[in-house]
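Here are the chains, one letter per residue:
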Amino acid sequence: MNSPSAPLPDLVKRWQHGWGMCRNIRRAKQTPEALHATLKLPGRYHEIIALHADDRPSSVAELIAQTRAAAQPTWLTIPSNNVEAVTDACVTAGLELIGDPESLMTIDLRQHPHREAPQHYNVGTAVLGRNTIQALAATPDSLVAASGVIAVSSGDAVAHGVRTNEDHRRRGLGDAIMTALAQEAVEAGAKTGLLVASAQGRKLYESLGWKVKASVVSARVPLTMQVVEPGGYVGCL
């Protein structure tokens with residue numbers, strides 16, 4: 001049975017699968033050391049997600065080399081409980097860090113707290129696609145104030161894209177969106193919640209009982225070192 005206390009590589013694979021469902025991308029290919037996803041986004045055509053940065057630290061250097069040699073813009077994402085080591089490895093190899101480290105978090109969804117929507121807001125849910133659910137918080141005049149999605153698969157539910165519009169922040173809408181998503185996921189058979197949170201988002205999820213399992217460091221070849229080759233491919237200087 002899936003569990004929030006599973007080994008980190010297992011949690012990473014389960015999170016990435018649900019994250020891909022939320023973003024409607026193909027399932028990542030797995031190699032012994034990483035997951036390889038194709039996003040086809042500007043500046044982020046591929047993404048390599050490390051699986052064994054902590055239990056096989058030497059794998060990080062190999063994945064850094066793959067990132068530097070990639071023919072298309074590629075992100076390297078490294079879940080780890082040794083942030084200093086993986087950050088130093090990326091910087092020393094000439095990669096550029098992307099923002100601050102984020103947090104891989106989990107919860108037993110059956111214990112997720114219930115938070116009512118603040119007064120004058122209505123929260124509803126809708127099915128976006130197979131096993132993917134969206135929650136929206138709207139004002140009385142039907143303006144969307146907050147939203148988020150969650151994908152349910154094999155007992156897991158992966159939340160993504162939870163955001164509140166600037167004019168409606170600090171009113172508890174994030175709590176209400178997560179409550180709605182968690183309830184729908186449990187009804188769909190999910191037991192374990194998974195997500196990757198920004199530093200700011202982490203505070204919200206911790207207040208709801210989510211637990212940090214690892215930090216998540218992302219890096220790429222600096223844009224100044226990427227060159228367009230014949231045929232439109234991007235290489236590295």
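It should be noted that the structure appears before, not after, this text.
Only a predicted model underlies this, so the values are computations on that prediction, with no experimental measurement involved. (Residues numbered from 1 in each chain as written. Predicted model: local features only at pLDDT ≥ 70, side-chain atom pairs only at ≥ 80, totals over all residues. Heavy atoms only, no water.)

Is there a simple way to explain the overall build of the protein chain in this structure?
Check the secondary structure of the protein chain and you find 5 helices and 14 strands. A compact globule built from 237 residues would reach a C-alpha radius of gyration of about 18 Å, and the protein chain, at 19 Å, matches this within 12%. Relative to its full complement of 237 residues, the protein chain shows a buried share of 46%. Partitioning the intrachain contacts of the protein chain with sequence separation of at least 6 by distance along the chain shows that 64% fall at a separation of at least 24. As presented, the protein chain carries roughly 12100 Å² of accessible surface, and 49% of it is formed by carbon and sulfur atoms. Each charge sign in the protein chain was given a centre, from 23 positive and 22 negative side chains, and these centres are 4 Å apart. (Helix = DSSP H or I, 4+ residues; strand = E, 2+ residues; numbered from the N terminus. Rg over C-alpha atoms; globule rule 2.2 N^0.38 Å. Buried < 20%, exposed > 50% of the residue type's maximum accessible area, 1.4 Å probe, protein only. Contact = heavy atoms within 4.5 Å. Areas by Shrake-Rupley, 256 points an atom, 1.4 Å probe, with all protein chains shown as cover. Lys, Arg positive; Asp, Glu negative; His and termini not counted. Charge placed at Lys NZ, Arg CZ, Asp CG, Glu CD.)

I'm lost on the pairing of strand β7 (residues 122-129) in this one. Help?
Every other side chain in a regular strand lies on the same face of the sheet, so the side chains alternate between the two faces. Here β7 pairs with strand β8 (residues 132-138) via 7 bridges, running antiparallel. Directly across from Thr-125, in β8, lies its bridge partner Ala-135. Hairpin connection from β7 to β8: 2 residues lie between these consecutive antiparallel strands, with Asn-131 at a positive phi of about 65°. (Pairing = 2+ DSSP bridges.)

What is the right way to look at the pattern of salt bridges in this model?
Any two side chains of opposite charge can pair if their charged atoms end up close together. Evaluated as defined, the whole model comprises 8 salt bridges. Across the salt bridge formed by Glu-47 and Arg-44, the nearest N and O atoms sit 2.7 Å from each other. Residues Glu-47 and Arg-44 agree in their burial class; the two are buried. When salt bridges that share partners are traced, they join Asp-10, Arg-14 and Asp-156 into one network. (Salt bridge = Lys/Arg side-chain N within 4 Å of Asp/Glu carboxyl O.)

So what exactly am I meant to see when it comes to unusual backbone geometry here?
For residues besides glycine, phi is generally negative; the peptide bonds are generally trans as well. Its identity as a non-glycine residue notwithstanding, Lys-40 has a phi of 60°, on the positive side. Mapped onto the elements of the fold, Lys-40 is located in strand β2 (residues 34-41). What makes Lys-40 exposed here is its relative accessible area of 58%. A positive phi angle is found at His-120, which is not glycine, with a value near 80°.

Would you take a moment to explain the pairing of strand β6 (residues 102-108) for this structure?
Judged by how many residues are buried, β6 sits mostly within the fold: 6 of 7 residues are covered. The pairing of β6 with strand β12 (residues 211-220) spans 5 bridges and is classified as antiparallel. Looking at β12, one finds that Leu-104 is bridged to Ala-214. One ladder, built from 6 bridges, connects β6 with strand β11 (residues 192-197); its direction is antiparallel. The residue of β11 that forms the bridge with Leu-104 is Val-196.

I would appreciate a short explanation of the nonpolar core in the present structure.
Soluble, globular proteins show a tendency: their nonpolar side chains are buried together. Formed by 26 residues in total, the largest nonpolar core has its most connected members in Leu-109, Met-178, Leu-195 and Trp-210. Broken down by element, the residue count for this core peaks at 7 residues, all from helix α4 (residues 173-187). With near-sequence residues (within four places) excluded, Leu-109 lies in contact with Ala-157, Ala-182, Ala-185, Val-186, Ala-190, Lys-191, Thr-192, Gly-193 and Trp-210. In terms of nonpolar packing, the next biggest core, distinct from the first, is built from 18 residues, Leu-39, Ile-49, Leu-194 and Ala-214 among them. (Core = buried A, V, L, I, M, F, W, Y, C linked by side-chain atoms within 4.5 Å.)

Which parts of the structure should I look at to understand the side chain of Glu-33?
Tracing the backbone shows Glu-33 in the loop between β1 (29-30) and β2. For Glu-33, a relative accessible area of 14% puts it in the buried group. Filtering out sequence-adjacent residues up to four positions away, Glu-33 remains in contact with Ile-49, Ala-50, Leu-51, His-52, Arg-56, Ser-59, Glu-62 and Leu-63.

Function-wise, these values are silent; they only describe arrangement.
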